[in-house]
Amino acid sequence: MRFSKLLIPTTKETPNDATLASHIYLIRGGFIQSVGGSGLYNFLPLGKKVLDKVRAVVKEELDKSGCQEVSLSFVTPAALWQESGRLEKYGKELLRFKDRKNNDFILGPTHEEMMVNLVRQSVKSYKQLPLNVYQINLKFRDEIRPRFGLMRGREFLMKDAYSFHTNTEDMQREFALMEETYKRIFTRLGLDFRVVEADSGAIGGSGSKEFMVLADSGEDTIVVCENCEYGANIEAAIAKPKHYDASTEVKVMHFKAFYDEGETKYVNFVLPKDIQLQETKACNAVGANDLIEAENVDTVAIVVIDEALKVNVPASNYKAEEVHYADISSVCEGDTCVHCDGILRYTKGIEAGHIFQLGTQYSKPLGCNFLDENGKSVPMVMGTYGIGVSRLLAGIIEQNHDDKGCIWTKESAPFDVQVIVSNIKDEAQVALGEKVYQALKEKNIDVLLDDRKERFGPKIKDFELLGIPYAVVIGKKLSDGMVEIITRAGLEKEEIVAENVVESIIQKVL
Ligand SMILES: [Zn+2]
């Protein structure tokens, strides 16, 4: 494609609200455009091209693993969410509206109900299972404070897959297959990532794993072992229990716990004085939806004592309707790995994928049943698997950029190579530019020819900002028969005999 014909509105202006590199460079590079500063984005030709490339990698690998793509209706009848019980529970992030007949609808932030509805209408027998269906479609979450560009927008492109099985063992087999499939996707996209155990609430164990793109700007703190593969979101991380003796000072923390239908309880957490409370673990320990620190507490319903104090702090020390022990402490850097005695460290990650063993949480209330071999009707066992496709664009750039702009990875780059004609008035340069452009196209290399009537300065700045892996610069040295190849990562330059440039690029790109 020719730069002169493409809509690539690059700019030097950094958007006011942008702090992350991906946000700044995707806007400045003309990949995306903010719509009224409200967490909504248009994808311009270059951004759409990257999105399609990332989408294609995701689709190829899922299809290879036997998943089937469908496309669900974008607008979701609220009645389906009523059936699953989520309509009331889901807060203001769910966008609700009415049609002209006064029927209630929502824009789905996730599509368990819709997919279960699709399957319950078309699958009746164990002979039709297992099944893994997915879509790559828009989702909407009415974030109170959308920020960080594509990282936390309100509308986003997501791949969500749902698998249906006759039993838990088969669902776990698919869960393991999806973990391997995701590893292939993230590896092909050139990402440095870690698979970590995630908080899975009531399900517990390794029922839920997140795929974290490692980046200092990541919002999630993850705990990783220096020695083995162990990794977990801080909310789910565990360490070898520390030993405390009877003289250990303890602290008691007061909270108000929130439950379904507005129910609240006062709860206390007891833990060693020098240890931090992990709020997600604490929430799970009292089965609440949310916790808020409280000051004046009259009647305490539940007391949870950290497991580390099991030997030294008897439950009889506390008066409440219920007193029990649970792991409610936050893992610290330097703690010991439960698997290998290695040292645990913190790192930062961007959650770009999540796989989850669902069980019958949705199939039961929505009546998604099948007839087993004995003709008995039983609910299907489900798994769910998400990838934030538009978020991946931000993740790739968070991990791959410098102070000049984007550095796309091989399979995500909008073009393989950019051919820059330095002086558009120099006939020999223009002629070679055309020749190289055509020759590369014939070899199926995706090439962008910068044929704009611009000076060399802005052209090279745009190359650095756009982050295409290689540039061929056809400039003054052509009079000596030489051109230059620049590798975007590291901005290394090499001089090449003009006649060999096509061959050199082919070797680098293929
Ligand atoms: Zn370890």
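Since this is a predicted model, take the numbers as computed values, not measurements.

1. Notes on the environment of Lys410
Part 1 of the reasoning: With respect to the element layout, Lys410 can be found in the loop between strand E23 (405-406) and strand E24 (417-421).
Part 2 of the reasoning: Overall, the presence of 13 C-beta atoms within 10 Å leaves Lys410 in the partly exposed class.
Part 3 of the reasoning: Separated by 256 residues in sequence, Lys410 and Arg154 have C-alpha atoms that sit 28 Å apart.
Part 4 of the reasoning: Not counting chain neighbours up to four residues away, the residues in contact with Lys410 comprise Gly190 and Pro469.

2. Considering the pairing of E24
Part 1 of the reasoning: Among the five residues that make up E24, five are buried, leaving the element largely enclosed by the rest of the structure.
Part 2 of the reasoning: Side chains of E24 alternate between two faces, with Val417, Val419 and Val421 and Gln418 and Ile420 buried alike.
Part 3 of the reasoning: Across four bridges, the pairing between E24 and strand E25 (residues 447-450) is parallel. What sits directly across from Gln418, in E25, is Leu448.
Part 4 of the reasoning: Of the crossover connections in this fold, the one passing from E24 over helix H9 (residues 427-442) to the parallel E25 is right-handed.
Part 5 of the reasoning: Sheet topology places E24 next to strand E26 (residues 470-474); five bridges connect them, and they run parallel. Paired with Val417 across the strands is Tyr470, a residue of E26.

3. Let's talk about the domain arrangement of the protein chain
Part 1 of the reasoning: In terms of domains, the protein chain is made up of domain 1 (54-237 + 345-388), domain 2 (250-326) and domain 3 (417-509).
Part 2 of the reasoning: The C-alpha-based centres of domain 2 and domain 3 are spaced at 64 Å.

4. Focus on the sheet that holds E26
Part 1 of the reasoning: With mixed pairing, the five strands of this open sheet are ordered in space as E25-E24-E26-E27-E28. Bordering the open sheet on either side are E25 and strand E28 (492-497), each of which pairs with just one other strand. Taking each pair of neighbouring strands and ignoring which way they run, the sheet shows an average axis angle of 20 degrees.
Part 2 of the reasoning: For E26 and strand E27 (residues 482-487), the ladder comprises four bridges, and the chain directions are antiparallel. When the sheet's bridge partners are listed, Val473 is paired in E27 with Glu484.
Part 3 of the reasoning: Taken strand by strand, H9 contacts E24, E25 and E26, and its axis lies near 165 degrees from that of E24.
Part 4 of the reasoning: Set on the sheet, helix H10 (residues 456-466) makes contact with E24, E25 and E26; between it and E24 the angle comes to about 170 degrees.

5. Let's talk about the sheet that holds strand E4 (residues 75-77)
Strand pairing within a sheet occurs via backbone hydrogen bonds; the two strands may be parallel or antiparallel.
Part 1 of the reasoning: The three strands lie next to each other as E4-E6-E5, forming an open sheet whose pairing is antiparallel. For this open sheet the edge positions go to E4 and strand E5 (95-98), each flanked by a neighbour on one side alone. Adjacent strand axes in the sheet meet at a mean angle of 40 degrees when their direction is disregarded.
Part 2 of the reasoning: Sheet topology places E4 next to strand E6 (residues 104-107); three bridges connect them, and they run antiparallel.

Conventions adopted
- Residues numbered from 1 in each chain as written.
- Predicted model: local features only at pLDDT ≥ 70, side-chain atom pairs only at ≥ 80, totals over all residues.
- Helix = DSSP H or I, 4+ residues; strand = E, 2+ residues; numbered from the N terminus.
- Buried ≥ 20, exposed ≤ 12 C-beta atoms within 10 Å, placed from the backbone.
- Contact = placed C-beta atoms within 7 Å.
- Pairing = 2+ DSSP bridges.
- Right-handed = clockwise from strand over helix to strand, strands pointing away.
- Domains from an automatic or database assignment.
- Axes fitted to C-alpha atoms, helices over the stretch in contact; angles between N-to-C directions.

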